[in-house]
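Each chain, written out:
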Amino acid sequence: DWISSIASAYASSYVGCPLLMSVYTTEITRSGSLKSILSLGIFDLERHCFQRAERLFVKDTRMREHLAKEYGIDRGRVVLGNDPDTILETYRRFLG
């Protein structure tokens, strides 16, 4: 959800902890296009937050490819699997 992403990006920067995000949908997958000003604004906020994230968790390769193509996200930053164990393991790696 793009609204909580903005708050998470700010909190991550303020506290100095890594930003890890789960991505289930994007504005493009929800609306089908970026024809309205509102959709363009949401897309831009999503892109900003996705680019700030250390890792993005997705459920399948289709979403990983979507993030790479539409948002310019390096595939190496996208983790397949958004189950709690995968997320916890990744946090532990970042926090040492």
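Bear in mind the structure is a predicted one, so any value in this text is a computation, not a measurement.

Trainee: Talk me through the pattern of salt bridges; I want residue IDs and the actual numbers.
Mentor: This model, assessed by the stated rule, comprises eight salt bridges. The closest approach of N and O atoms between E65 and R64, which form a salt bridge, is 3.9 Å. With a relative accessible area of 21%, R64 lands in the partly exposed category. The residue E65 makes a salt bridge to R75 at a minimum N-O spacing of 2.8 Å. Of this pair, E65 sits in helix α4 (residues 61-71) while R75 sits in the loop between α4 and β3 (78-80), and the two are ten residues apart along the sequence. The partly exposed category is assigned to E65, whose relative accessible area is 32%. It is possible to trace a salt-bridge network through shared partners that takes in E27, R30 and E46.

Trainee: I'd like to hear about the sheet that holds β3, residue by residue, with values.
Mentor: Pairing in this open sheet of three strands is parallel, and the strands run β1-β2-β3 from one edge to the other. Looking along the sheet, the strands with just one partner apiece sit at the ends: β1 (20-22) and β3. Recorded for the sheet is a direction-independent mean angle of 25 degrees between the axes of neighbouring strands. Taken together, the three bridges between β1 and strand β2 (residues 55-58) define a ladder with parallel strand orientation. Each residue of the ladder has a partner; that of S22, found in β2, is F57. Across the sheet, helix α5 (residues 84-95) lies against β1, β2 and β3, angled at about 170 degrees from β2, the strand it touches most.

Trainee: Pulling in residues and values, what's your account of the side chain of S5?
Mentor: With respect to the helices and strands, the residue S5 is situated in helix α1 (residues 2-15). With sequence-adjacent residues up to four places away left out, S5 is seen in contact with M21 and C49.

Trainee: Just give me the short version of the nonpolar core, but keep the residues and values in it.
Mentor: By size, the foremost hydrophobic cluster in this structure holds 16 residues, and its most contacted members are M21, V23, F50, L56, L67, Y71 and I73. Elements supplying a minimum of two residues to this core: α3 (37-52), β2 and α4. Residues within four places of F50 in sequence aside, it is in contact with M21, V23, T26, L56, L67, Y71, I73 and R77.

Trainee: Could you give me a rundown of the environment of S5, with the residues and numbers involved?
Mentor: Note on S5: relative accessible area 10%, which makes it buried. Distance from S5 to R77, taken between C-alpha atoms, is 17 Å for residues 72 residues apart in sequence.

Trainee: Would you mind going over the packing of α1 against α3 in detail, with residue names and values included?
Mentor: At a minimum axis separation of 9 Å, α1 and α3 run at an interaxial angle of 35 degrees. Crossing angle aside, the handedness with which α1 passes α3 is left-handed. For the pair α1 and α3, the contacting residues are W2, S5, I6, A9 and S13 in the first and I42, L45, E46, C49 and R52 in the second. In terms of residue class, the contact of α1 with α3 is built from six nonpolar, two polar and two charged.

Thresholds applied
- Numbering of residues starts from 1 in every chain and runs along the sequence as written.
- Totals for whole chains, interfaces and linings use every residue, but because this is a predicted model, local features are given only for residues with pLDDT of at least 70 and side-chain atom pairs only at 80 or more, for both listing and counting.
- Hydrogens are left out, water is left out, and the side-chain values use all remaining heavy atoms of the structure.
- Salt bridge, as used here: a side-chain nitrogen of Lys or Arg that lies within 4 Å of a carboxyl oxygen of Asp or Glu.
- The rule is simple: take the accessible area with a 1.4 Å probe, protein chains only, and divide by the maximum for that residue type; under 20% is buried, over 50% is exposed, in between is partly exposed.
- For helices the rule is a DSSP run of H or I covering at least 4 residues; for strands it is a run of E covering at least 2, with both sets numbered from the N terminus onward.
- DSSP calls a pair of strands paired once it identifies at least 2 bridges connecting them.
- Every axis in this analysis is a line fitted to C-alpha atoms, fitted for helices over the stretch in contact. Angles between the N-to-C directions lie between 0 and 180 degrees.
- Pairs of residues are marked as contacts when any of their non-hydrogen atoms sit within 4.5 Å.
- We define the nonpolar core as a collection of buried residues of types Ala, Val, Leu, Ile, Met, Phe, Trp, Tyr and Cys that are connected through side-chain atoms lying within 4.5 Å of one another.
- Helix crossings get a hand from a simple test, with the near helix turned counterclockwise from the far one by less than a right angle marking a left-handed crossing and a clockwise turn marking a right-handed one.
- For this classification, Asp, Glu, Lys and Arg are treated as charged, while Ala, Val, Leu, Ile, Met, Phe, Trp, Tyr, Cys and Pro are nonpolar and the rest, including Gly, are polar.

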